[in-house]
Amino acid sequence: MTETWLTQESYDRLSAELEHLKTEGRAEIVERIEAAREEGDLKENGGYHAARDEQSKLEARIAQLTELLRDAQVGEAPADDGIVEPGMVVHAEIAGRNLTFLVGAREAMRGVNEDLEVFSETSPIGQAVMGHTAGDTVTYDAPSGKVMEVKITEVKPYHN
């Protein structure tokens, strides 16, 4: 996995979520599984299967956060030098539409500014715009296979 840029605030919030999931979150799921087991036959026990599904989702989220935080680059927003890099908000024109997005981790925006679109620096559009500045036009291959043109109109550091 690549390094992910996070503000200190985002890092702290995600660390607290991880700690909660590892402690209280796991304990709550174990209690629900045990209570459902006591109801009898596990094959037809909807509560048991639902609790096991929740346990799987919880463990997947723990693994995701552990990896994200392990590889995170924590700090202030990058310099306001107009160059696209992780932590920068890009204003662009794509297929006749104006789009504003953050280059970075979607997790950094969870619960903060979920209206702002986020693309990782390893996504097709992220790779295309990295290192470029306002006024540059770049292309990338969309998941549909279509070649998309991106005209970068403004690049600013993200501030929450």
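Residues numbered from 1 in each chain as written. Predicted model: local features only at pLDDT ≥ 70, side-chain atom pairs only at ≥ 80, totals over all residues. Heavy atoms only, no water.

## Topic: the packing of helix α1 (residues 8–37) against helix α2 (residues 46–70)
If you want to describe how two helices pack, look at the angle between their axes and the distance between the axes.
Alright, step 1. Put simply, α1 and α2 touch, their axes get as near as 9 Å, and they point 160° apart. Judged by the inter-axis angle, α1 sits roughly antiparallel to α2. α1 and α2 meet at a crossing whose hand is left-handed.
Alright, step 2. Residues of the contact of α1 with α2, tallied by class, amount to 14 nonpolar, five polar and nine charged. (Axes fitted to C-alpha atoms, helices over the stretch in contact; angles between N-to-C directions. Helix = DSSP H or I, 4+ residues; strand = E, 2+ residues; numbered from the N terminus. Parallel < 35°, antiparallel > 145°, perpendicular 65-115°, else oblique. Left-handed = near helix turned anticlockwise from the far one by under 90°. Nonpolar A, V, L, I, M, F, W, Y, C, P; charged D, E, K, R; others polar.)

## Points about α1
Alright, step 1. Look at α1: 42 Å from first C-alpha to last across 30 residues, which is about the 44 Å you get at 1.5 Å a residue.
Alright, step 2. Approximately 40° is the largest bend angle found in α1, and it occurs at L21. (Expected span 1.5 Å × (residues − 1). Bend = angle between axes of the 7 residues up to and from the residue.)

## Concerning the environment of R52
Alright, step 1. Take R52: it is sitting in helix α2.
Alright, step 2. The residues contacting R52, other than those within four sequence positions of it, are I33 and R37. (Contact = heavy atoms within 4.5 Å.)

## Here's the deal with the pattern of salt bridges
Alright, step 1. This structure, assessed with the given rule, holds six salt bridges.
Alright, step 2. Put simply, E34 and R37 hold a salt bridge, and the shortest N to O gap is 2.9 Å. Of this pair, E34 and R37 both sit in helix α1, three residues apart, which is roughly one turn of the helix. (Salt bridge = Lys/Arg side-chain N within 4 Å of Asp/Glu carboxyl O.)

## Focus on the confidence of the model for the chain
Regions with low pLDDT should not have their predicted coordinates read in detail.
Alright, step 1. Taken as a whole, the chain shows an average pLDDT of 87; of its residues, 92% reach a score of 70 or greater.
Alright, step 2. Within the chain, the lowest mean pLDDT, 68, falls on helix α3 (residues 106–109), and the highest, 96, falls on strand β6 (residues 137–141). (pLDDT = per-residue confidence, 0-100.)

## As for the sheet that holds β6
Alright, step 1. In space, the five strands of this open sheet follow the order β5-β4-β3-β7-β6, with mixed pairing throughout. Sheet topology places β5 (117–119) and β6 at the edges, where each strand pairs with a single neighbour. Within the sheet, the average angular offset between the axes of one strand and its neighbour, ignoring direction, is 45°.
Alright, step 2. Sheet topology places β6 next to strand β7 (residues 147–157); five bridges connect them, and they run antiparallel. Each residue of the ladder has a partner; that of V138, found in β7, is V150. (Pairing = 2+ DSSP bridges.)

## Structural notes on the pairing of β7
Remember that side chains alternate between the two faces of the sheet whenever the strand is regular.
Alright, step 1. The sheet contact formed by strand β3 (residues 88–94) and β7 spans seven bridges and is antiparallel. Looking across to β7, one finds that V90 is bridged to V155.
Alright, step 2. Between β6 and the antiparallel strand that follows it, β7, lie five residues; G145 among them carries a positive phi value of about 100°.

## Describing the packing of aromatic side chains
Alright, step 1. Inspection of the entire model under this criterion finds one aromatic pair.
Alright, step 2. Note on F101 and F119: the rings are 5.1 Å apart at their centroids and 85° apart in plane angle, and the pair reads as edge-to-face. With F101 in strand β4 (residues 97–103) and F119 in strand β5, this residue pair connects regions lying 18 residues apart in the sequence. Across the pair, F119 and F101 agree in class, each one buried. (Phe/Tyr/Trp six-rings, centres within 6.5 Å; stacked < 30°, edge-to-face > 60°. Buried < 20%, exposed > 50% of the residue type's maximum accessible area, 1.4 Å probe, protein only.)

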